[in-house]
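# Inside the fold
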Amino acid sequence: MTIGAMFLLAVTVLNVNKNFNTTTEILNDSKIRILAVSVATSMLEEASSKSFDEQTDTAAVASISSLTAVSSLGLDGSENSSNHRTLNDFDDYNAYKTTPILDSISILKDCPKIVFKIFCKVDYVSSSSPSVVSTTRTWHKKMQIKVTSSAMGTDTIKMNTIYSYWYFR
Amino acid sequence: MGFSSIIDILGSMLIGGFLLLILLRLNDSAVQNVYVNTGELIVQQNLLETIDLIEYDFKKIGYCKVWANLPDPSKSILLATKHSIKFLTDIAAPPTYPGGDGVVDTIYYYVGATSALSGTPNPRDMMLYRVVNSETAKSANLGVTQFDIKYFNALGDSLTFPISVPSSVYTMQISVTVENTQAYGEKYSTVFWRQLRLAARNLRNR
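Residues numbered from 1 in each chain as written. Chains lettered and ligands numbered in written order. Predicted model: local features only at pLDDT ≥ 70, side-chain atom pairs only at ≥ 80, totals over all residues.

### Quick look at the overall build of chain B
Defined as follows: Each helix is a run of DSSP H or I of at least 4 residues and each strand a run of E of at least 2, with the numbering of both proceeding from the N terminus. The atom set for the radius of gyration is the C-alpha atoms, and the globule formula is 2.2 Å times the number of residues raised to the power 0.38. Whether a residue is buried, exposed or partly exposed is read from the other C-beta atoms within 10 Å of its own C-beta, which are placed from the backbone; 20 or more gives buried, 12 or fewer gives exposed, and intermediate counts give partly exposed. C-beta atoms are placed from the backbone for every residue, and two residues are taken to be in contact when these atoms lie within 7 Å.
Of regular secondary structure, chain B possesses one helix and seven strands. Scanning chain B from its N terminus toward the C terminus, one meets helices and strands in the order α-β-β-β-β-β-β-β. Against the compact-globule benchmark of 17 Å for 206 residues, chain B has a radius of gyration of 26 Å, which places it well outside the compact range. Each principal axis of the C-alpha distribution contributes one length, and for chain B these read about 100 × 40 × 25 Å. When the 206 residues of chain B are sorted by exposure, 30% land in the buried category. Here the analysis covers contacts within chain B between residues at least 6 apart in sequence; of these, 56% occur between residues at least 24 apart.

Rendered as structure tokens:
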């Protein structure tokens, strides 16, 4: 009977510890995801601070046919994906990959630095159905960002933004 | 009472003592976990609330419902230091003015000294103040331990302090860290947010 009672107590203690660990793990995961969201929004903001299109970088465009062709979305000319400062327009971030070392900070006391991986995709979308990729040029471009990290397991943070062209006449 | 009975009693007391120790340790762990986890949750909520407000305000730098009242948005930043920023905007006042009332407002963000919160056990926390126009500074101790802003010009180059021409600011990097104001065993939880490039749309209008 005593052995049975000891066994029950041991099981209870184990379960309580397991619950503690689960809660701590969930809170730490949430902390890492907050940082991942900040990394994603940083990338969205960085891309949004650039020109709408290669052709609108220094001059205004009035015709949709002057914009970059759908098949040419991505890096142009001397732009280099390893140096994001050379990217001058929104669609340069199409198929852009980066591993932000700057954000790899140690936020967990017993955890090494966290490295995030970012993948961006830019497509034209229409104003009537912004969730569907347009096969023709439009005045709206949509960026999809995926942020992953080994610290987040198989989970991926996905964020979207739409950048529209406008200028003062 | 025989010898075996005494052995039985002593054995029971020993086992009972062990059980009591286990229960006390378990209780201590439970209390610690409740404190730590609740603190962690509060810290994360505080950070998100802080970021939510900062992002909303900062994105509207240079915005005014009546554009003629703020014709040159590039001159919206009045003061730019490492731990403070003052800028022009048009604050929304829903439901009457969801997009602002068309009158230019001033928002001033700055952090107070850590010594001002010497009453809290955390030695690093400080007040993050938000002052609208000439109103009294408003703040709540959310456990902010870092509020750093780095400024960049249109070419992406970092601007050095002191920034004598705030209109040269094009994008900024905001780093915010929030910690518990008090913690179990002084083990403070930390949450960090870094907005690498916050580009207010109106700052690009130059």
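There is more to say after this.
### Section: the sheet that holds strand 1 (residues 96-98) of chain A
Think of a sheet as strands paired side by side through backbone hydrogen bonds, with each pair either parallel or antiparallel. All names here are of chain A. Under the convention used in this document: For two strands to pair, DSSP has to find at least two bridges joining them. Fitting a line to C-alpha atoms yields each axis, with helices limited to the stretch in contact; the angle taken between N-to-C directions then spans 0 to 180 degrees.
Spatially, the four strands line up as an open sheet ordered 1-2-3-4, and their pairing is antiparallel. Single-partner strands in this sheet number two, and they are strand 1 and strand 4 (157-164). Mean inter-strand twist for the sheet, computed between neighbouring axes without regard to direction, equals 20°. As defined by bridge partners, strand 3 (residues 140-149) adjoins strand 4 across eight bridges and the pair is classed as antiparallel. In the sheet register, Ile 145 faces strand 4, and the bridge partner there is Met 159.

### Some thoughts on unusual backbone geometry
Residues apart from glycine generally show negative phi values, whereas peptide bonds are mostly found in trans. All names here are of chain B. The omega torsion of the bond from Pro 94 to Pro 95 falls at 5°, within 30 degrees of zero and hence cis. Within the secondary structure layout, Pro 95 lies in the loop between strand 2 (84-89) and strand 3 (105-111). Cis geometry marks the peptide bond from Phe 161 to Pro 162, where omega comes out at 0°. Among the structural elements, Pro 162 can be located in the loop between strand 5 (144-152) and strand 6 (171-179). Phi angles above zero are rare outside glycine, and Asn 133 is one such case at about 50°. Counting through the fold element by element, Asn 133 comes out in the loop between strand 4 (128-132) and strand 5.

### A short note on the interface of chain B and chain A
Note the cut-off: Amino acids outside the nonpolar list (Ala, Val, Leu, Ile, Met, Phe, Trp, Tyr, Cys, Pro) and the charged list (Asp, Glu, Lys, Arg) are all regarded as polar, and Gly is one of them.
Facing the 25 residues of chain B at the interface are 23 residues of chain A. Secondary-structure elements contributing two or more residues to the side of chain B that touches chain A are helix 1 (3-59) and strand 7 (190-198) of chain B. Residues that form the side of chain B that touches chain A fall into these classes: 13 nonpolar, eight polar and four charged.

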